[in-house]
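Structural features, examined
The chain contents come next:
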Amino acid sequence: MRRARLLLLLFPVLPLQVAGLADDGPPRPGPALQRAITALEGRGLVIGFLARETHGQVLAAHGADLALVPASTMKLLTTACALDMLGPSWTTTTEFLATAPPRPDGRLAGPLWIRGGGDPLLRAEDLWAAVQELRALGLTGVRGLAADAALFPGPARPVSWPDRAVRDPYASPQGALSLAWNSVELIVRPGVKTGTPARVTVFPLEGAVEIVNRARTAEETALDIRLVTPPGHRGRITVAGTIAAGDRPHREWIRLGDPARAMLGGLRGMLVAAGIDVEESLQVGRA
C-alpha cells in the first residue's frame, strides 16, 4: 500500500517528460520523474509502471515487466469499471424479505431474510435504523434469521492469498452482504482487581463473532489473541493471557470470518434489543 500511495501522489505532480526511446523498449521517463524514481528505489522500494494514451501509444515505462503485487492500485481499475458500467448515480439496495406477511400478532411464521446488494458502506447505525423501521411496521417476532449474499458468487478472499490466521482488517473477506467493513473492534479491559477475569467486548456489533474469554487481570499485560473461522461459522475470537490491573483498554480491529453470518449475529442482538423476539435459527442461502 505504501508503494501504491507514493506512486499515485507522484504521477499527477511530475510530468512524464518523455526522454526518448529506450534501446530495447518503450520511451523512458523524463528527467524529473526519473530522479524521483531513483530516489524511491534508493530507499529500497521496487517500482514498475507503464503509462499510455487511451488509444494505445506508450508514453513512458519503467520496470513494466516486473512481477509485482498491484495492491491498492487495483481499486482505480475497479472504480473506473463500475463508473463506466453502472454510472455515477447507481446505488445499492439491502432488502429485508419474508415469505408471507406477519400474523395479526406481528410475528413471522418463517424467517426474516436480509438480502445483500453489495453495499460496501453499510454501517451498524444503518442496520439499527432498519430494525427500528421493522419495529414501527409492527413486527414483534421472527422464526429465525436468514442471509442471502449470493449476488457475489466469487471467493470471499483472493485464492492466491496464504491461508493463515491473519486477523488484520485489510484481510477481511468480501461479500454482497457486508457490514462495518467486515471488521469489529475488540476491546479488552482489566477486571476490578488482580486475579479476576478480564472484560472483553466487541464494537459495533456484539453478536458478530463468538468471544472466548480466557484472559485474567494481573500485574502486566501479555495478551494472546487468536481468530479462528470454522467452516459455516461467523468466526471465533479467543482472548488469553493477562492485562495489567488499571491499564488502558487494549483495542484492536479484527476482520470477520464470514460477513453474512456475522451480520446475522449482530442483527439478532439488535432485533432483541428493539423488542422483537428471534428464534435461534440462523441460516445462509438463497431468498
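Residues numbered from 1 in each chain as written. Predicted model: local features only at pLDDT ≥ 70, side-chain atom pairs only at ≥ 80, totals over all residues. Heavy atoms only, no water.

Turning our eyes to something else, we now look at the overall build of the protein chain. Assigned secondary structure in the protein chain consists of five helices and 17 strands. Taken over 287 residues, the protein chain has a buried fraction of 36%. A fraction of 63% describes how many contacts in the protein chain between residues 6 or more apart in sequence connect residues 24 or more apart. Of the roughly 17,000 Å² that the protein chain leaves accessible, carbon and sulfur atoms contribute 56%. (Helix = DSSP H or I, 4+ residues; strand = E, 2+ residues; numbered from the N terminus. Buried < 20%, exposed > 50% of the residue type's maximum accessible area, 1.4 Å probe, protein only. Contact = heavy atoms within 4.5 Å. Areas by Shrake-Rupley, 256 points an atom, 1.4 Å probe, with all protein chains shown as cover.)

The next subject is empty space enclosed by the protein. One pass over the structure, following the stated rule, counts one cavity of 30 Å³ or more. Taken as a whole, the largest cavity spans an internal volume of roughly 60 Å³. Along the walls of the largest cavity sit L179, A180, S183, V184, P204, L205, A208, L256, P259, A262 and M263, which together make up its complete lining. Counting only elements with at least two residues in the lining of the largest cavity, the list comes to β9 (183-189) and α5 (259-273). Of all the elements, α5 adds the most residues to the lining of the largest cavity, at three residues. Here the residues of the lining of the largest cavity are counted per class, giving ten nonpolar, one polar and no charged. (1 Å grid on protein atoms, 1.4 Å probe; cavity = no way out; pocket = protein on both sides within 12 Å on 5 of 7 lines; lining within 4 Å. Points joined across faces, edges and corners; volume = space filled by probe spheres on them. Nonpolar A, V, L, I, M, F, W, Y, C, P; charged D, E, K, R; others polar.)

Right, let's get into a nonpolar patch on the surface. Together, V46, L66 and L68 make up a nonpolar patch on the protein surface, roughly 220 Å² of accessible area in all. For V46, the position within the fold is in the loop between α2 (31-42) and β3 (49-52). (Patch = residues over 30% accessible without salt bridge, like charges linked within 9 Å, V, L, I, M, F, W, Y side chains within 5 Å. Salt bridge = Lys/Arg side-chain N within 4 Å of Asp/Glu carboxyl O.)

Next up on the list: the confidence of the model for the protein chain. Scored by pLDDT, the protein chain comes out at a mean of 87, with 90% of its residues at no less than 70. Per-residue pLDDT stays below 50 along residues 1-14; that stretch engages in 17 contacts with residues further than four places along the chain or on separate chains. (pLDDT = per-residue confidence, 0-100.)

Turning our attention to the nonpolar core. Formed by 42 residues in total, the largest nonpolar core has its most connected members in L112, I114, L145, L186, I237, V239 and L271. Considering every element that reaches this core, the biggest residue donor is α5, with seven residues. In contact with I237, other than residues within four places in its own chain, are V184, L186, V209, E210, I211, V212, I225, R226, L227 and I254. Among the nonpolar cores identified, the runner-up in size contains seven residues, and L33, I37, L40 and A60 belong to it. (Core = buried A, V, L, I, M, F, W, Y, C linked by side-chain atoms within 4.5 Å.)

Among all residues save glycine, negative phi is the norm, and among peptide bonds the norm is trans. For the bond running from F203 to P204, omega is 5°, close enough to zero to count as cis. You can see P204 is positioned in the loop between β10 (199-203) and β11 (210-213). A positive phi is found at W181, a non-glycine position, where the angle reads about 55°. W181 sits in the exposed class, given a relative accessible area of 54%. Residues other than glycine seldom take positive phi values, yet N182 does so here, at roughly 55°. Positionally, N182 belongs in the loop between β8 (145-148) and β9. You can call N182 buried: its relative accessible area is 1%.

This next bit is on the sheet that holds strand β5 (residues 95-97). Backbone-to-backbone hydrogen bonds join strands into a sheet, with any given pair of strands oriented parallel or antiparallel. Pairing is mixed in the open sheet, where four strands are placed in the order β5-β6-β8-β17. The strands lining the two open edges of the sheet, one partner per strand, are β5 and β17 (282-284). Strand-to-strand twist across the sheet, computed as the mean angle between neighbouring axes with direction ignored, equals 20°. Pairing analysis gives four bridges linking strand β6 (residues 112-115) to β8, with the strands arranged parallel. Following the sheet pairing, I114 is matched in β8 by A147. Where α5 meets the sheet, it contacts β5, β6, β8 and β17, and its direction lies at approximately 145° from that of β8. (Pairing = 2+ DSSP bridges. Axes fitted to C-alpha atoms, helices over the stretch in contact; angles between N-to-C directions.)

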